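Analysis of the macromolecular model
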Amino acid sequence: HWVTYEGWPLLVERAREYGTVNASSGVPWEKVLITGATGSTERFTRLLQEAKDACLQARDTGVTTVLTCWGTDWRPFGAPRRKRPLDSVVLRPGLA
C-alpha cells in the first residue's frame, strides 16, 4: 500500500513468514516493511513513536480487547470489556 506521512510517500508491505511460526499458537509470524526515500531516519522514528503512543493511549482507556485465533489471523472476540476491579474477585479462604 502507498501511504503518506507528513507529506512523505511510504510503501507499506505486510508479509507472513510461513517458514517461522509462533511456537505457542502455530500462527505464522508477520512482518511489516515500511520503505521511504530519505537520507534520515528521523521521520521513521517519529512515525514509530506516534504509533506507539497511539497504541498505549488506546490501551489505557480502561478496556481490554479479547482476541481469538481465526485460522492464521487474530480477530476481536466480542466487545471490549472494562477492567474488573480487583476487590470484586472472591476466592475460597486460603486460596491466593
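Residues numbered from 1 in each chain as written. Predicted model: local features only at pLDDT ≥ 70, side-chain atom pairs only at ≥ 80, totals over all residues. Heavy atoms only, no water.

What about the pairing of strand β5 (residues 67-70)?
Quick note on the threshold: When DSSP finds two or more bridges between two strands, those strands count as paired. Only DSSP runs of H or I reaching four residues or more are called helices, and only runs of E reaching two or more are called strands; each is numbered from the N terminus.
As defined by bridge partners, β5 adjoins strand β6 (residues 73-76) across 4 bridges and the pair is classed as antiparallel. Note that in β6 the partner of Cys69 across the bridge is Trp74.

Structural notes on the sheet that holds strand β3 (residues 28-35)
Cut-off, in case you're wondering: With axes taken as lines fitted to C-alpha atoms, and helix axes fitted only over the stretch in contact, angles between N-to-C directions fall between 0 and 180 degrees.
On the basis of which strands lie adjacent, the open sheet formed by 3 strands has the order β1-β2-β3 and antiparallel pairing. The outermost strands of the open sheet, each flanked by one partner alone, are β1 (2-5) and β3. Neighbouring strand axes in the sheet, compared pairwise and without regard to direction, differ in orientation by 40° on average. Of the pairings in the sheet, the one linking β1 to strand β2 (residues 8-21) comprises 4 bridges and is antiparallel in character. When the sheet's bridge partners are listed, Tyr5 is paired in β2 with Trp8.

Some words on a nonpolar patch on the surface
The line we're drawing: Patch rule: a residue counts if its relative accessible area is over 30% and it has no salt bridge; like charges are joined within 9 Å, and nonpolar side chains (Val, Leu, Ile, Met, Phe, Trp, Tyr) within 5 Å. Under the convention used here, a 1.4 Å probe and the Shrake-Rupley method define accessible areas, while residue burial counts only the protein chains that appear. By salt bridge we mean one thing: a side-chain nitrogen of Lys or Arg within 4 Å of a carboxyl oxygen of Asp or Glu. Accessibility here uses a 1.4 Å probe with only protein chains present; expressed as a share of the type maximum, an area under 20% marks a residue as buried, one over 50% as exposed, and anything in between as partly exposed.
Together, Leu86, Val89, Leu91 and Leu95 line one region of the surface with nonpolar side chains, adding up to about 400 Å² of accessible area. Its relative accessible area of 43% is what places Leu95 among the partly exposed residues.

A look at the pattern of salt bridges
If you walk through the whole model with that rule in mind, you get 3 salt bridges. Measuring nitrogen to oxygen at the nearest pair gives 3.9 Å for the salt bridge that ties Arg43 to Glu6. Highlighted residues: Arg43 in helix α1 (residues 42-59) and Glu6 in the loop between β1 and β2, separated in sequence by 37 residues. Under the relative-accessibility criterion, Arg43 is labelled partly exposed at 30%. With a closest N to O distance of 2.5 Å, Arg14 and Glu30 form a salt bridge. Here the residue Arg14 occupies a position in strand β2, and Glu30 occupies one in strand β3, the gap between them amounting to 16 residues. Look at Glu30 and you get partly exposed, because its relative accessible area is 37%. In this structure, a network of salt bridges that share partners links the residues Glu6, Arg43 and Arg46.

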